[in-house]
Amino acid sequence: MTHKPASAAGSSMPSADEMDALRRRAKALGLSLAEDDLLILAQGWSGLQPFLVRLRRGLEVGQRPPVSATSQ
Amino acid sequence: MSDDIAWLGIADGGRRLADGTLTSTDWTEALLARIERLDKVFCSTLTLLSDHALRAAEAADRERAAGKARGPLHGVPIGIKDVIELAGAPVSANSAVLTGRISTHSAELVTRLEKAGAVILAKHGQYEFSYGGPSFDLPWPPARNPWNPERTTGGSSSGSGAAVAAGLCAAAVGTDAGGSIRQPSAYCGLSGLKPSAGLVPREGIVPLSFSLGEAGPMARSAEDCAYLLDAMTGLSTVQQLGGNIEGLRIGVLQDVFNGHVFADPAVVSALRQAVQALTEAGARVVEVKPPDVYDLDACGRVILLAEAYANHEPQLKADPMKYGRIGRHRFLLGAFLSAADYVQAQRQMAIWGAEMNRVFDDVDVLVTAGEVTGAPTFGKASASFGFTGQPSLRMPFTVAGCPALVAPCGFDSDGMPLSMQIAARRGNDATVLNVGARFQKDTNWHRCKPPIGGL
């Protein structure tokens, strides 16, 4: 599993296609966002991807987790 | 006011109250005057509770004169993070979204602190809803670090970090989901404890997340953290601070030593010396294989993003510009997560959190850095998503529900405080406090004061 270094994560410029995709998703979600905000969110979304990949690893269909350590 | 009053903590201030060389009213008045004088620099205090505090201090003095002392917190002036509700006081979470809201009830932890005799003298500034950053577009400006006002305090309990470090209160209570007690404590040279999950009542705290987050103490020593924790929980951790760590098994997370997680070389050096001090006190280092901190960090980040967005969704759709820039971006990012992302994060949190707790079958505590650098400048801390770059070393213990204490252990080349983090199995809060207290018996890092004498 690799991660972008701290200086690079979330700072690369998203492509026009990535921006369009995020714009469409924001509209579908009912969010009205300024272009400046969309650009920052696209960078953040890109930086988040390695974390999401990690979460999908190793889980089997139907695997029931133990009780969460943080539940009260 | 003489400097010694400004720097009194709970233990030493409590002794002076008990022996009659100081009254709570004098202590409180002195701190209120110091806040008026210094806080235009440090911006720690969102709401100054002068009348409330003086009434409480006078009542504490009357009770003590009548022979009724409630305990170690009796008459001790402290602050609380703004999200912690105090009946009759404003509670905005430093957001324009809640400006003008007044609490109708006190948080349960505040009720317990006041029953123990604590004097609440301020509600401290913070990052917006405990999730934004040091934005200059919020109702109250970001707190400034007493060790260098051009540096951030970290957050989100930013005002509490500045206030305790600047000698504006004896101690404070913050909240911590992803590190919001521990980061400002690390950056400001304080001792700060994220207690075990579920230990301190969450009722009456404006929530960031529903799965993660604890209220806990920020103070000048591990011992003072224990006094606050005991008052909020009914535990007796102070009685367990014997300082004996002979034979204690320490696991040292290797991430900052092997480059898995980047850290300033000064942090690596300070951490190595801190571990050495603990071994000289009788502890022994045991090799451990904990789960990957990146995995645990991923769980916590995704859960926080999803739950924070869900909590704020109506307002974000209606008027996103009511949020500050950094908070707006961070809250909105959660909108793009899928239900499956959130559920996988919850499943993995249970699995990896349990795995982390199993590490404590082999060791009594885990030690790592509290932060990987000294406090950065505001410019470096202003990126909305700089936090996606590498994992926080604090989040793994949040996800695992473990108690985690940060304690100062050195300085970087710019004179900014560095810290170590000590964690234990969920429920072993007294263990981490005892290890911290022993370290502070043998070292003086926690006694260092920021260079603000000229202000």
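## Digging into the overall build of chain B
Then step 1. From N to C terminus, chain B includes 15 helices and 13 strands.
Then step 2. Relative to the 2.2 N^0.38 estimate, which gives 23 Å for 455 residues, the radius of gyration of chain B is 20 Å and therefore close to what a compact globule would have.
Then step 3. Viewed in the frame of its principal axes, chain B has a C-alpha envelope of about 60 × 60 × 40 Å.
Then step 4. Residues counted as buried form 67% of the 455 residues belonging to chain B.
Then step 5. Here the analysis covers contacts within chain B between residues at least 6 apart in sequence; of these, 79% occur between residues at least 24 apart.
Then step 6. About 14,800 Å² of surface is accessible on chain B, with carbon and sulfur atoms providing 50% of the total.
Then step 7. Averaging the positions of the 41 positive and the 46 negative side-chain charges in chain B gives two centres separated by 1 Å.

## Some words on the pairing of strand β7 (residues 191-194) of chain B
Residue and element names in this part refer to chain B.
Then step 1. Here β7 shows no split at all, with Ser191 and Leu193 on one side and Gly192 and Lys194 on the other all buried.
Then step 2. With 2 bridges connecting them, β7 and strand β8 (residues 214-219) associate as antiparallel partners. Along β8, the bridge assignment pairs glycine 192 with methionine 218.
Then step 3. When β7 meets strand β12 (residues 404-411), the two strands line up antiparallel, connected through 3 bridges. Bridging from a neighbouring strand, lysine 194 pairs with alanine 404 of β12.

## Description of the packing of aromatic side chains
Residues and elements named next belong to chain B.
Then step 1. The full count for this structure, using the stated rule, is 8 aromatic pairs over all chains.
Then step 2. Three or more aromatic residues joined by ring pairs make a cluster, and in this case those are Phe129, Tyr131, Tyr323 and Phe331.
Then step 3. A cation over an aromatic ring shows up here: arginine 34 above the ring of tryptophan 7, its NZ or CZ 5.2 Å from the ring centre.

Conventions we followed
- Within every chain, residues take consecutive numbers counted from 1 along the sequence as written.
- The lettering of chains begins at A and the numbering of ligands begins at 1, in the order of writing.
- Local features are withheld for residues below a pLDDT of 70 in this predicted model, meaning they are given only at 70 or higher, and side-chain atom pairs are given and counted only at 80 or more; totals for whole chains, interfaces and linings count all residues.
- In computing side-chain properties, one takes all heavy atoms of the structure into account and sets aside hydrogens as well as water.
- Helix and strand assignments come from DSSP, with helices taken as H or I runs of at least 4 residues and strands as E runs of at least 2, each series counted from the N terminus.
- Throughout, the radius of gyration refers to the C-alpha atoms, and the reference size of a globule is 2.2 Å times the residue count to the power 0.38.
- Each residue gets one of three labels from its accessible area relative to the maximum for its type: buried under 20%, exposed over 50%, partly exposed in between, using a 1.4 Å probe on protein chains only.
- Throughout, a contact is declared for two residues whenever any of their heavy atoms are within 4.5 Å.
- Here the open area of atoms and residues is found with the Shrake-Rupley method and a 1.4 Å probe, where only the protein chains shown may cover a residue.
- Under this rule, positive means Lys or Arg and negative means Asp or Glu; His and the chain ends count for nothing.
- Lysine's charge is taken at NZ, arginine's at CZ, aspartate's at CG and glutamate's at CD.
- Pairing between two strands is assigned when DSSP locates at least 2 bridges connecting them.
- Aromatic rings from Phe, Tyr and Trp, taking only the six-membered ring of Trp, are treated as a pair when their centres fall within 6.5 Å; an angle between ring planes under 30 degrees marks them as stacked, one over 60 as edge-to-face, and anything in between as tilted.
- Two limits define a charge over a ring: the Lys NZ or Arg CZ must be within 6 Å of the ring centre, and within 35 degrees of the ring normal.

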